[in-house]
Amino acid sequence: MRRFGLRVPCNERLAVAVLALLSTYIFFYEYLPPFHSVHLFSDIEGYHYPLQRYAFDALKSGRFPQWDPSIYSGISFAGNVQAALFYPPTWVMYAASWGFPHLPFRALEIFAFAHVWLGFLFGYLWLRARRLDKLPSSLGAAVFAFGGYMISQIVHLGTVTGLAWMPLGLWGLDEAVDHRDWRPLWKTALASAMSFLAGYPSSWLVFCTTAVLYAIAGRGRWRAAAGVCAAIGASALLAMAQLLPALTASSIMAVGEKYGGGMDRWSYLIPFLVPNWFDFNRHTQRPYPEALYLYLGLPAIFALAWALRRFRMRPYVQPVVPAIVCLVLATNVNFWPYRVIVKIPLLERVAQSYNFYEGVAAMAALMTAISLQDFLKHGARKTPPRWMTAAAATALAAWSVRQVRQWPHGGTFPVGGRALVETAIAAVLFAIVLFLYRSQTGAWRTGVAAALLLAAGADYKIFGTNRRFNTADAIGGGVDVPNGINGMNATVYRTLWNNRDYRIVCDGDGAPYTTDLRRWGLATPQGFDPFLPAQYHALIERWVKFATNRVFFPDLRNDEMLRSLGVRYVIAHEGIGNDPFLAASLNFRLLGPDDSFYRVYEYQKAVPPFGWENGGGDVRPTEWLPARRVFQASSGQGGRFIFVEQFYPGWHATVDGHPAAIERWNGAFQAIHAGPGRHTVVFAYREQYLVLGLAIGLLAWVGLAAIAFSYWRKRGPLRIRWLHVKLDVQLRFEVQRSGP
């Protein structure tokens, strides 16, 4: 007997692999070369891309990016986890893009989608390691990688890149329990480290929670959970180069309420099974739904129905327990987890409720694969006529073609009850073909498997991409403009660049995102980043209140505020925000001709963000790099030399080559004392614990490699012998089945 009722010849396995790769490319074809009809937007464009481009430009110029002067009058770049500076795949992306003058935005899109495929690959290997067959493993991995949560979060780079590693961590745990050996937990430690280094601690916290719950619900229980905790602890050593700078940055950051944003009504669970119950059509005029897009796909719908029909709790305990707990933690203010978590400072600062859907996605993949395996194992009682199989596969293909024809250019699909009807039709067709698949052999089995894979892929494609939560038309927005700001007069831009030691105010909706200024080497006192220093937050609130826990808009009528922050320019747009005031004020003048989208005004009373406190003497900057500023300063009286850059651990100053003590000035900035005469004043930044973190991390990576190699040497020969036995038994079975 075949072990699970599903043995396919090698040529079919190759065909399934090719079809999986082809369907993956079809799934993403609007994003990848040579098709560029849509592009990702939101955070990946406005927040993550400027970070990555800043790091890439620094490396291209021969500097390691430690300090970021572009927002909040300077913050640590190495300490900013979301920059993913120490995430190894980021450096692969940089190497692949090295021939470009700047990092292309398309490279970042491909980088994000490569992690979707990586999540599929790890998911498939994890499920196969649980002795599940190829088709259940493929469809289960698709639920994880192509399902609603992963695709809707594609615009949040750190979420997708971190989530992709979860199956690897669970695979290591399963292997450790199966072989009663702690060494396979190197996979869990690696996955945990990569999830953290990917740049979004909330996703890493969900990884840790899910892995521990998965261990407790499995055969190893508390012993396995202890192993997972040890692996997570070891991963901290692997990530030490990022962890130490991040701890420094987080120790001085402003604390604002973070946890929340999850499910606050049970109807938000409907999108798990009905993809367009809420209107996710990109070109719709309806208000944007508050619910997340969570669609698990046709394989999961069928698997859930089969599991309910043949309900046996034991096979499903391990995935069901973590899934339920993660669903509970995904709730918002109307449920008790919110009230508990907000009282724990560390969790409140790191956790984000909707990220717990990540654990649900992983467990849904496992439940789908287990249920499909159980279904296929039972086999068919009799072989149906070939014409019936052909007719069912054709009907499923025709339905998929119908949906695909509606899909291009953000095609509109039914919502609510009509969406439920259409989903039911697709699910019934998929179930019929899956029932017929069990009785097929040879080329027919290959063809039916191809129909199932392509139907599932089309379903994910139609309802998972080109939606209004993750795409916009064309390339748009001037994302890849190498020099200059799209929508700004070129001469005006050169003026800003030549005076980049001054700061720029972005006036609300009529100006670029404040984080975009990173891309052009410009600086602003504003920003949008969780690592906003508390001292700077307190300083700003002496003049204006923050609009959110990260965003503020300077008072352009407050000379003290503008001069204290070194502001010289304001970017606005005609008739929006403060533009009427700027146009009428004698304190501002319009730069250049009024012939572009952006208007740039110069503040006439501006003072540079450096100089003698008493206002006397002469100061001239001679070197202006993010982590190194050199001034030629002269004064007849001497006194305090002020430097309007964030007072932050790691800054060092010298006067004529001799160390000078830095003291806090104006609550958030720096100052040193210098005597009368002419001096060379240098301010330089070196991340305090970077070298220590790199040294610890290097040793930890060497140790991880040694453990992995040791385990491979132990298991490798056994695997080879097992493979020979398996192939021999399978070949004998095929010969016996074919007959004389």
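Note that the structure is predicted; figures quoted are calculated from it, not measured. (Residues numbered from 1 in each chain as written. Predicted model: local features only at pLDDT ≥ 70, side-chain atom pairs only at ≥ 80, totals over all residues. Heavy atoms only, no water.)

A few words on the side chain of Ser70. Within the element layout of this structure, Ser70 appears in the loop between β2 (67-68) and β3 (75-76). Exposure remark for Ser70: the relative accessible area of 2% places this residue in the buried category. Within the structure, Ser70 has its side chain in polar contact with the side chain of Asp68 (distance 2.5 Å). Ignoring any residue separated from it by four or fewer positions in sequence, one finds Ser70 in contact with Arg518, Leu522, Ala523 and Thr524. (Helix = DSSP H or I, 4+ residues; strand = E, 2+ residues; numbered from the N terminus. Buried < 20%, exposed > 50% of the residue type's maximum accessible area, 1.4 Å probe, protein only. Polar contact = N/O pair within 3.5 Å; in protein donor to acceptor, adjacent residues only side chain to side chain. Contact = heavy atoms within 4.5 Å.)

This brings us to the sheet that holds strand β14 (residues 658-660). Sheets are built from strands paired through backbone hydrogen bonds, the pairs being either parallel or antiparallel. With antiparallel pairing, the five strands of this open sheet are ordered in space as β10-β11-β17-β13-β14. Every other strand in the sheet has two partners, leaving β10 (618-625) and β14 as the edge strands with one partner each. Across the sheet, the axes of successive neighbouring strands diverge by a mean angle of 25°, strand direction being ignored. Sheet topology note: the strand β13 (residues 651-655)/strand β17 (residues 677-685) ladder contains five bridges and is antiparallel. Paired with Ala653 across the strands is Phe683, a residue of β17. (Pairing = 2+ DSSP bridges. Axes fitted to C-alpha atoms, helices over the stretch in contact; angles between N-to-C directions.)

This part is about the pattern of salt bridges. Within the structure shown, the criterion is met by 25 salt bridges. A salt bridge links Arg518 to Asp529, with the nearest nitrogen and oxygen atoms 3.8 Å apart. On the criterion of sequence distance, the pair formed by Arg518 in the loop between β5 (503-506) and α22 (534-540) and Asp529 in the loop between β5 and α22 is long-range, its members being 11 residues apart. When sorted by exposure, Arg518 lands in the same class as Asp529, which is buried. Residue Arg599 pairs with Asp579 through a salt bridge whose shortest N-O separation is 3.0 Å. One end of the pair, Arg599, is in strand β8 (residues 598-603); the other, Asp579, is in helix α24 (residues 579-584), with 20 residues separating them in the sequence. Residue Arg599 is classed as buried on the basis of its relative accessible area, which comes to 12%. (Salt bridge = Lys/Arg side-chain N within 4 Å of Asp/Glu carboxyl O.)

This part covers the sheet that holds strand β9 (residues 610-612). One open sheet holds the four strands; their spatial order is β9-β12-β16-β15, and the pairing between them is antiparallel. Because the sheet does not close on itself, it has two edges, and the strands there are β9 and β15 (663-665). Adjacent strand axes in the sheet meet at a mean angle of 35°, parallel and antiparallel pairs treated alike. Note that strand β12 (residues 639-643) and strand β16 (residues 669-674) share five bridges and pair antiparallel. Along β16, the bridge assignment pairs Phe643 with Gln670.

A two-sided burial pattern is seen for β5, the buried positions comprising Arg503 and Val505 on one face and Ile504 and Cys506 on the other. Sheet topology note: the β5/strand β6 (residues 567-573) ladder contains four bridges and is parallel. Across the sheet, Arg503 pairs through a bridge with Val567, a residue of β6.

A few words now on helix α19 (residues 417-437). With 21 residues, α19 extends 30 Å between its outermost C-alpha atoms, agreeing within 8% with the 30 Å of an ideal straight helix rising 1.5 Å per residue. Listing the buried residues of α19 in full gives Ala419, Glu422, Thr423, Ala426, Ala427, Leu429, Phe430, Ala431, Val433, Leu434, Leu436 and Tyr437. (Expected span 1.5 Å × (residues − 1).)

Here the focus is the packing of helix α9 (residues 186-197) against helix α10 (residues 201-217). Remark: α9 packs on α10, axes separated minimally by 8 Å, with the N-to-C direction vectors making an angle of 155°. Relative to α10, α9 is oriented roughly antiparallel. Contact residues: Thr188, Ala191, Ser192, Ser195 and Phe196 in α9; Ser203, Trp204 and Phe207 in α10. Broken down by class, the residue content of the contact of α9 with α10 amounts to four nonpolar, four polar and no charged. (Parallel < 35°, antiparallel > 145°, perpendicular 65-115°, else oblique. Nonpolar A, V, L, I, M, F, W, Y, C, P; charged D, E, K, R; others polar.)

Next up on the list: the side chain of Glu358. Its location among the elements puts Glu358 in helix α17 (residues 357-378). We classify Glu358 as buried; its relative accessible area is 1%. In contact with Glu358, not counting residues within four places along its chain, are Tyr149, Thr159, Leu163, Met166, Ser203 and Val206.

Attention shifts here to the state of the cysteines. Considering all chains together, one arrives at zero disulfides under this definition. With no disulfide partner, Cys229 has as its closest neighbouring cysteine sulfur the one in Cys208, 8.6 Å distant. (Disulfide = S-S within 2.5 Å.)

Here we come to the pairing of strand β11 (residues 628-635). Extensive coverage of β11 is indicated by the burial of seven of its eight residues. The sheet contact formed by β10 and β11 spans seven bridges and is antiparallel. The partner of Glu623 across the bridge, within β11, is Val630. Counting the residues that bridge the hairpin from β10 to β11 gives two residues.

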